[in-house]
Amino acid sequence: MLTKSIGTLSADIYNVLTDNNDYRHDTVEEATVFAERLIHQYDKAVGNETRTREDKVLYATDIGKPCVRQTYYSMTASDEAEPIQGHARYKFLYGDLIEEITLELAKAAGHMVSNEQTRYILERNGWQIRGRCDAIIDGHMCDVKSASKYAFNKYSKEGISEHNDTFGYREQLLFYTLMALENEDIKDTHVGSFFVFVSKELGHIVCVKNDLNRVEFYDTLDYKIETLDTALADEVAPARVANPTEDHSYGNTRLGVTCSYCPFKVKCWPELRAFAYAHGPVFMPEVVKEPPKVPEIDLQK
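Source: prediction; values computed, not measured.

## What about the packing of helix 4 (residues 68-76) against helix 8 (residues 214-234)?
The N-to-C vectors of helix 4 and helix 8 enclose an angle of 50 degrees; their axes lie 10 Å apart at closest approach. The angle between helix 4 and helix 8 places the two elements in the oblique class. Regarding helix 4 and helix 8, the two cross each other, and that crossing is right-handed. Contact with helix 4, carried on its side by Val68, Thr71, Tyr72, Met75 and Thr76, involves Tyr223, Lys224, Thr227, Leu228, Ala231 and Leu232 of helix 8 and no other residues of that element. Looking at the contact of helix 4 with helix 8 residue by residue, the class counts come to seven nonpolar, three polar and one charged.

Next up, the structure:
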């Protein structure tokens, strides 16, 4: 069989679903392995397990988050985080299922998929960084992410960079890549890493190369560790990294995307209020004039 390339992944997956060949699992054992992975994601979602934060431990998802204050609160005030709503948990669940199905279709299409959910650990400056990758596809570290139509179009057209990486995806993926190289799970030192974005609405798939380099990665990681060490020793939260923007209609201020998704935004902004606009909730640290005909959201619920 010819070796497949990551560049044809989306087309090859579509072919599995349309070319009239039979790609069903050959054995019960193969089908059972796949079914168990799907069941694991379901059980994880409905099990409502809580994860206790250990001292001096960062998760791979923490590395690139732009606000160190959020990570600090997750370590010192986890009980004050906003509970995850049912609709959000459902969204995370089908995102996890999309990931599993995408990887299974990649295998059916003849791509080499390995190291699924491999756990990597990095010891650095007295801290331990932990994370589990999605998979290595055709020799490249890959992170499969379900995306809204807006996010999918944005990353498809612009790529993913410092300017549009709202949640620190690039650092997380490069962590897995560097650890895989160190462990020789990836042997080609010139290999790239890719995001496999899947549009939740339309089923489109695109592979986007990660443009972050290892110097930027370690600079970000060391800064975060140093800032957390100082904050934890002084018991003073790090400064906010993002300022609210002005709402020119009424002189109010509103939080940006990163802060709006933060589970500690109410703790961070004690006077925060929220209003249910048609396009979604808007969080306002300062309200000079209440927006007319827009219902307020009770943030205490």
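Structure shown, so let's carry the discussion forward.
## What about the sheet that holds strand 13 (residues 296-297)?
By way of backbone hydrogen bonds, the strands of a sheet pair with one another, either parallel or antiparallel. Pairing is antiparallel across the open sheet formed by three strands, whose spatial order is 12-11-13. Looking at which strands have only one partner, the edges of the open sheet turn out to be strand 12 (280-284) and strand 13. As judged from the two bridges shared by strand 11 (residues 273-277) and strand 13, these two strands associate in the antiparallel manner. Its bridge partner being in strand 13, Phe275 is matched across the sheet by Glu296.

## Focus on a nonpolar patch on the surface
A contiguous nonpolar patch, built from Phe167, Val257 and Tyr261 and spanning about 310 Å² of accessible area, is present on the exposed surface. In this fold, Phe167 is placed in the loop between helix 6 (149-158) and helix 7 (169-182). Look at Phe167 and you get partly exposed, because its relative accessible area is 31%.

## Regarding the packing of aromatic side chains
Per the stated rule, a full pass over the model turns up ten aromatic pairs. Here the aromatic rings of Phe195 and Phe197 are separated by 5.6 Å at their centres, their planes lie at 20 degrees, and the arrangement is stacked. Judged on exposure class, the residue Phe195 and its partner Phe197 are both buried. Across from the ring centre of Trp269, 3.7 Å away, lies the NZ or CZ of Arg240, which sits over that ring. Between the NZ or CZ atom of Lys265 and the centre of the ring of Phe283, over which it lies, the distance is 4.6 Å.

## Quick notes on the pairing of strand 12
Where a strand is regular, its side chains alternate between the two sheet faces. Of all five residues in strand 12, four are buried; the element is thus mostly enclosed. Of the pairings in the sheet, the one linking strand 11 to strand 12 comprises five bridges and is antiparallel in character. Following the sheet pairing, Phe275 is matched in strand 12 by Val282. In sequence, strand 11 turns back onto strand 12 through a hairpin of two residues.

## Digging into the pattern of salt bridges
As enumerated under the stated definition, the model contains 21 salt bridges in all. Of the charged contacts in the structure, one is a salt bridge between Arg37 and Glu104, with a shortest N-O distance of 3.0 Å. Of this pair, Arg37 sits in helix 2 (residues 28-47) while Glu104 sits in helix 5 (residues 86-108), and the two are 67 residues apart along the sequence. Among the residues examined, Arg37 registers a relative accessible area of 15% and is labelled buried. Judged by its relative accessible area of 14%, Glu104 is buried.

What counts, and at which threshold
Residues numbered from 1 in each chain as written. Predicted model: local features only at pLDDT ≥ 70, side-chain atom pairs only at ≥ 80, totals over all residues. Heavy atoms only, no water. Axes fitted to C-alpha atoms, helices over the stretch in contact; angles between N-to-C directions. Helix = DSSP H or I, 4+ residues; strand = E, 2+ residues; numbered from the N terminus. Parallel < 35°, antiparallel > 145°, perpendicular 65-115°, else oblique. Left-handed = near helix turned anticlockwise from the far one by under 90°. Contact = heavy atoms within 4.5 Å. Nonpolar A, V, L, I, M, F, W, Y, C, P; charged D, E, K, R; others polar. Pairing = 2+ DSSP bridges. Patch = residues over 30% accessible without salt bridge, like charges linked within 9 Å, V, L, I, M, F, W, Y side chains within 5 Å. Areas by Shrake-Rupley, 256 points an atom, 1.4 Å probe, with all protein chains shown as cover. Salt bridge = Lys/Arg side-chain N within 4 Å of Asp/Glu carboxyl O. Buried < 20%, exposed > 50% of the residue type's maximum accessible area, 1.4 Å probe, protein only. Phe/Tyr/Trp six-rings, centres within 6.5 Å; stacked < 30°, edge-to-face > 60°. Lys NZ or Arg CZ within 6 Å of the ring centre and 35° of its normal.

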